[in-house]
Amino acid sequence: ARKLILDLDTGIDDTLAIAYALGSADEVDLIGITGTYGNVTVRRGVRNSLAVLHLFGRDDVPVYPGVDHPLAYDPAVNGPWEPSAGSVAVHAPNGVGGATIPDSPRASEPDGSAVDFIIDAARTYGENLVIVPTGAMTTMATVLKTAPDIRDSGARITLMGGALTVPGNVSPGAEANISQDPEAADYLFRCGARTTMIGLDVTHQTALTRKGTAVWRALGTPAGDFLADMTDYYIDFYLAHQPEIGGCGLHDPLAVAAALDPMLVTTLGVNLKVDLDGAFRGRTIGDRARLADPDKHTQVALGVDVPEFLERFMTRITALAAK
Ligand code: BDR
Ligand code: CA
């Protein structure tokens, strides 16, 4: 089977991305989760990833902590990186909407390096590997800076982040994952790695309502209850702040779905950069210097088969949570 690495700031929709990946076990082998920051710190995100894997009976999947602050941030000067008040409001202080989930017995175990893990995996599996970053892009950029051969390893990157044709969600220009570390995202887009961007252009077309979470609650399982409690918090946040979406956006699981089946989305080839200065810091935009380059390294998803995705999302996650 093909191999998958998730690079997560776990996070409500990151948790749904884990569930989508585990519910797709006949298509893809989740070989590891790496921890980035954004919604939560790396430490909290790793703890959440371990707990979610334990809930689904998948203590076999390794979890590695990644880089825990932006490239341009100096913890020696500024102290340990902490999530913004905005991120805490979206995902709650525990990252999973305040829902209760027992810690994994592995909670204090992880060491090893996310960067080394991704480099080894890309060298081992090449085009059989897809990496899905859904938080700050710092670990992924560090991989490509540390081991430039990974760019041409054949491993694909399908990331959640950015907004090309719609406004951002943390500022008029910027989407959250890109704005966490604009320098890292800019490096990723401009280094020439084959990347598919699953941004707000498509994720805001995919909304989950309480009809969906009611299906999970009706299962009467610990996993079903946890997913419903967690996701209801997210839905309520969206209804209060972005009611036009009609539910919560399924950002991170859509990136996993598109990584497994690129035909779910339609894409436009654009060589991107990230605005690093001024009011538009963190905005993804076409790189004028490379726009005419016939080789498009980055495909930006602009269309998505919403009914098909929602069907897969509900079927796979409900079957997983029923056990
Ligand atoms: C992205 O930001 C995070 O809050 C979510 O987990 C998602 O990855 C959406 O902009
Ligand atoms: Ca995320």
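Here, residues in each chain are numbered from 1, in the same order as that chain's written sequence. Chains and ligands are labelled by the order in which they are written, letters from A for the one and numbers from 1 for the other. In view of the model being predicted, local features appear only for residues whose pLDDT reaches at least 70, and side-chain atom pairs are presented and counted only at 80 or more, with totals across whole chains, interfaces and linings using the full set of residues.

1. Looking at the overall build of the protein chain
Move 1: For the protein chain, the helix and strand inventory stands at 13 helices and twelve strands.
Move 2: This radius of gyration counts C-alpha atoms alone. The globule rule is 2.2 Å times how many residues there are, raised to the power 0.38. Relative to a compact globule of 323 residues, whose C-alpha radius of gyration would be 20 Å, the protein chain shows 18 Å and is just as compact.
Move 3: Its C-alpha atoms give the protein chain principal-axis dimensions of about 55 × 45 × 40 Å.
Move 4: For the protein chain, the residues scored as buried account for 53% of the 323 residues in total.
Move 5: When contacts within the protein chain are restricted to residue pairs at least 6 apart in sequence, long-range pairs at least 24 apart make up 82% of them. Working definition: helices are DSSP H or I runs of at least four residues, strands are E runs of at least two. Numbering for both runs from the N terminus. Comment: burial labels come from other C-beta atoms within 10 Å of the residue's own C-beta, placed from the backbone, where a count of 20 or more is buried, 12 or fewer is exposed, and between is partly exposed. Contact between residues is assigned whenever the C-beta positions, reconstructed from backbone atoms, fall within 7 Å.

2. A short note on unusual backbone geometry
Move 1: Cis geometry marks the peptide bond from Thr-10 to Gly-11, where omega comes out at -10 degrees.
Move 2: Here Gly-11 shows up in the loop between β1 (2–8) and α1 (12–22).
Move 3: Positive phi outside glycine occurs at Ala-92, with the angle close to 75 degrees.
Move 4: With respect to the helices and strands, Ala-92 occurs in the loop between α4 (85–91) and α5 (114–125).
Move 5: Taking the C-beta count within 10 Å as the criterion, Ala-92 has 19 such neighbours and is therefore assigned partly exposed.

3. Focus: the pairing of β1
Move 1: Across the seven residues that make up β1, a large majority, five, are buried.
Move 2: Two strands pair under a simple rule: DSSP has to find at least two bridges between them. Inspection of the sheet shows β1 paired to strand β2 (residues 28–35) by seven bridges, in the parallel sense. Each bridged residue has a counterpart across the sheet, and for Asp-7 the counterpart in β2 is Thr-34.
Move 3: Sheet analysis places β1 next to strand β4 (residues 129–133), joined by five bridges and oriented parallel. Opposite Ile-5, over in β4, you have Ile-131 as the bridge partner.

4. Things to note about the site of ligand 1
Move 1: Only the C-beta atom matters for this test: placed from the backbone, it must lie within 6 Å of a molecule or strand for the residue to be near it. Contacts to ligand 1 come from 14 residues, most closely from Gly-11, Asp-13, Thr-134, Ala-176 and His-251.
Move 2: Per-class residue counts for the shell around ligand 1 are three nonpolar, seven polar and four charged. All amino acids are sorted into three groups, where Ala, Val, Leu, Ile, Met, Phe, Trp, Tyr, Cys and Pro are nonpolar, Asp, Glu, Lys and Arg are charged, and the leftover types, Gly among them, are polar.

5. A short note on α5
Move 1: The first and last C-alpha atoms of α5 sit 16 Å apart over twelve residues, in line with the 16 Å expected at 1.5 Å per residue.
Move 2: Within the span of α5, buried status applies to Ala-114, Val-115, Phe-117, Ile-118, Ile-119, Ala-121 and Ala-122.
Move 3: Along its buried surface, α5 packs onto β1, β2, β3 (63–65), β4 and α6 (138–146).
Move 4: Downstream of α5 by one or two residues, Gly-126 has phi in the positive range, about 50 degrees. Every helix has an expected span of 1.5 Å times one less than the residues it contains.

6. Some points on the sheet that holds strand β6 (residues 195–198)
By way of backbone hydrogen bonds, the strands of a sheet pair with one another, either parallel or antiparallel.
Move 1: Read from one edge to the other, the open sheet built from eight strands follows the order β3-β2-β1-β4-β5-β6-β12-β9, with strand pairing classed as mixed. At either margin of the open sheet sits one strand with a lone partner, and together these are β3 and β9 (265–269). On average, each strand axis in the sheet is inclined to that of its neighbour by 25 degrees, with strand direction left out of account.
Move 2: Sheet topology note: the β4/strand β5 (residues 156–160) ladder contains two bridges and is parallel. Its bridge partner lying in β5, Val-130 is registered against Arg-156. Only the stretch in contact is used when a helix axis is fitted, and all axes are lines through C-alpha atoms; the angle between N-to-C directions ranges over 0 to 180 degrees.

7. What about the packing of helix α12 (residues 251–260) against helix α13 (residues 306–322)?
Move 1: Axis separation between α12 and α13 bottoms out at 11 Å; the angle between their running directions is 100 degrees. Considering their axes alone, α12 and α13 lie roughly perpendicular with respect to each other. Of the residues in α13, those in contact with Pro-253, Leu-254 and Ala-257 of α12 are Phe-309, Arg-312 and Phe-313.
Move 2: In terms of residue class, the contact of α12 with α13 is made up of five nonpolar, no polar and one charged. Here roughly perpendicular refers to angles of 65 to 115 degrees, roughly parallel to angles under 35, roughly antiparallel to angles over 145, and oblique to all remaining angles.

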